[in-house]
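# Notes for the structure review
Here's the letter readout for the chains.
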Amino acid sequence: MKIDFHTHGKLAKNLPFSEEYTVQLFKEAKARGLDALCLTEHFNTQEFEKIYGYITENYPKDGDTYLVEGVRVFPGLEVDIQEGGHNLVIGRFEDILEIRRRVLPELNEAFLPAEDLFSIIKEYNVLFGAAHVYRSGCNNLALSEDLIDCYDFFDLNGKDTGLMGLSNRKNIETIAAKYNKPVLAGSDTHQYLQYGVLYNDFDKDVNTIDALKYEIEKKAYTVEIDKGISQKVEAATLLKKALKELQKVGGRYDINLAKVKL
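None of the values given here were measured: they were computed from a predicted structure.

### A short note on the overall build of the protein
Across its full length, the protein holds nine helices and 11 strands. What you see for the protein is a C-alpha radius of gyration of 17 Å, in line with the 18 Å of a compact globule of 262 residues. Dimensions along the principal axes, computed over C-alpha positions, put the protein at roughly 55 × 40 × 35 Å. Here the protein, with 262 residues, has 53% of them falling under the buried criterion. Residue pairs at least 24 apart in sequence account for 73% of intrachain contacts in the protein once pairs closer than 6 positions are excluded.

Given below as structure tokens:
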């Protein structure tokens, strides 16, 4: 099972949900070799509810996952902390929605402090990861040792690896080893060209959080990185910028480029 642990269902947080764009993302994930992904959408993205509403209303549930356009989707979200930093939460659909509801009211003032967020996360059967910890502005590693130890894994981020080079993998593996935690690869895809830049190849196909945790604990997977990761991340980043500019000037970011006649 080739699975990506860090993906998004929209081009950007401040853009509206587009059924066409989201469906295109899942189709492209399958076309680019993925069997499964974790949909870790930003918890404060515009129209968050519409993304999961569309999935749950239109696609079948299988265990803790949804089968979307040929790809197994594990629900999740990406949550900021007050100290600066992002965190990945992957779990059952109902738990993901409840966690988000509990965190959102605090947005009127500021993001939750890590201690408060982590306390909430501990109440649920989820996978909890430290996202792109070497990215500028992310201070996850400045947290107390006790808080860092709450993480279930460290995110080997596709975007960061594409921009920083393979030294990012060594850095993530070193910090993960320090805390005796696994490394899980996530592309951080917002634009489909980024799918497949890196992924995890599991020995088994699983459909529940418990089974996924078990396979991770057994280390029954390998992390694979595409040799062209830097070029693919650069292309996806440039296309993302272009589509956002298109939306700004009155166009639609969800245009299907494959159907555009040159």
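Here the narrative resumes.
### Here's the deal with the pairing of strand E4 (residues 65-68)
Taken together, the two bridges between strand E3 (residues 61-62) and E4 define a ladder with antiparallel strand orientation. Among the inter-strand pairings, Lys61 is bridged to a residue of E4, identified as Tyr66. Between E3 and E4, which pair antiparallel and follow one another directly, the connecting turn spans two residues, one of which, Gly63, has a positive phi of 65 degrees. Taken together, the three bridges between E4 and strand E5 (residues 71-80) define a ladder with antiparallel strand orientation. Note that in E5 the partner of Tyr66 across the bridge is Val73.

### Points about the layout of surface pockets
Of the volumes computed, that of the largest pocket is approximately 470 Å³. If you go around the largest pocket, you meet 16 residues; those closest to its centre are Lys181, Pro182, Ile216, Lys219 and Tyr221. At the level of secondary structure, the elements contributing two or more residues to the lining of the largest pocket comprise helix H7 (167-178), helix H8 (209-217) and strand E11 (221-225). In terms of residue class, the lining of the largest pocket is built from nine nonpolar, one polar and six charged.

### Thoughts on the side chain of Asp160
Relative to the helices and strands, Asp160 is located in helix H6 (residues 158-164). What makes Asp160 buried here is its relative accessible area of 4%. A polar contact of 2.8 Å, which involves the side chain of Asp160, links it to the side chain of Arg135. Beyond its immediate stretch of four places on either side in the chain, Asp160 contacts His132, Arg135, Gly165 and Asn168.

### Observations concerning the packing of helix H2 (residues 48-58) against helix H3 (residues 93-103)
The contact between H2 and H3 brings their axes to 12 Å, and the two run at 165 degrees. It follows that H2 is roughly antiparallel to H3 by the angle criterion. Our pair here, H2 against H3, has a crossing hand that is left-handed. Judged by residue contacts, Phe48, Glu49, Tyr52 and Thr56 of H2 engage Phe93, Leu97 and Arg100 from H3. Each residue belonging to the contact of H2 with H3 can be placed in one class, and the counts come to four nonpolar, one polar and two charged.

### Details of the environment of Asp226
Within the secondary structure, Asp226 sits in the loop between E11 and helix H9 (229-248). Measuring from C-alpha to C-alpha, the distance between Asp226 and Pro113 comes to 36 Å, with 113 residues separating the pair along the chain. Setting aside chain neighbours within four positions, we find Asp226 in contact with Gly196, Val197 and Lys232. Looking at Asp226, its side chain comes within polar contact range of the main-chain nitrogen of Gly228, at 2.6 Å.

Reading the values: the criteria
- Residues numbered from 1 in each chain as written.
- Predicted model: local features only at pLDDT ≥ 70, side-chain atom pairs only at ≥ 80, totals over all residues.
- Heavy atoms only, no water.
- Helix = DSSP H or I, 4+ residues; strand = E, 2+ residues; numbered from the N terminus.
- Rg over C-alpha atoms; globule rule 2.2 N^0.38 Å.
- Buried < 20%, exposed > 50% of the residue type's maximum accessible area, 1.4 Å probe, protein only.
- Contact = heavy atoms within 4.5 Å.
- Pairing = 2+ DSSP bridges.
- 1 Å grid on protein atoms, 1.4 Å probe; cavity = no way out; pocket = protein on both sides within 12 Å on 5 of 7 lines; lining within 4 Å.
- Points joined across faces, edges and corners; volume = space filled by probe spheres on them.
- Nonpolar A, V, L, I, M, F, W, Y, C, P; charged D, E, K, R; others polar.
- Polar contact = N/O pair within 3.5 Å; in protein donor to acceptor, adjacent residues only side chain to side chain.
- Axes fitted to C-alpha atoms, helices over the stretch in contact; angles between N-to-C directions.
- Parallel < 35°, antiparallel > 145°, perpendicular 65-115°, else oblique.
- Left-handed = near helix turned anticlockwise from the far one by under 90°.

Everything listed here is a matter of coordinates, which is why it stays silent on function.
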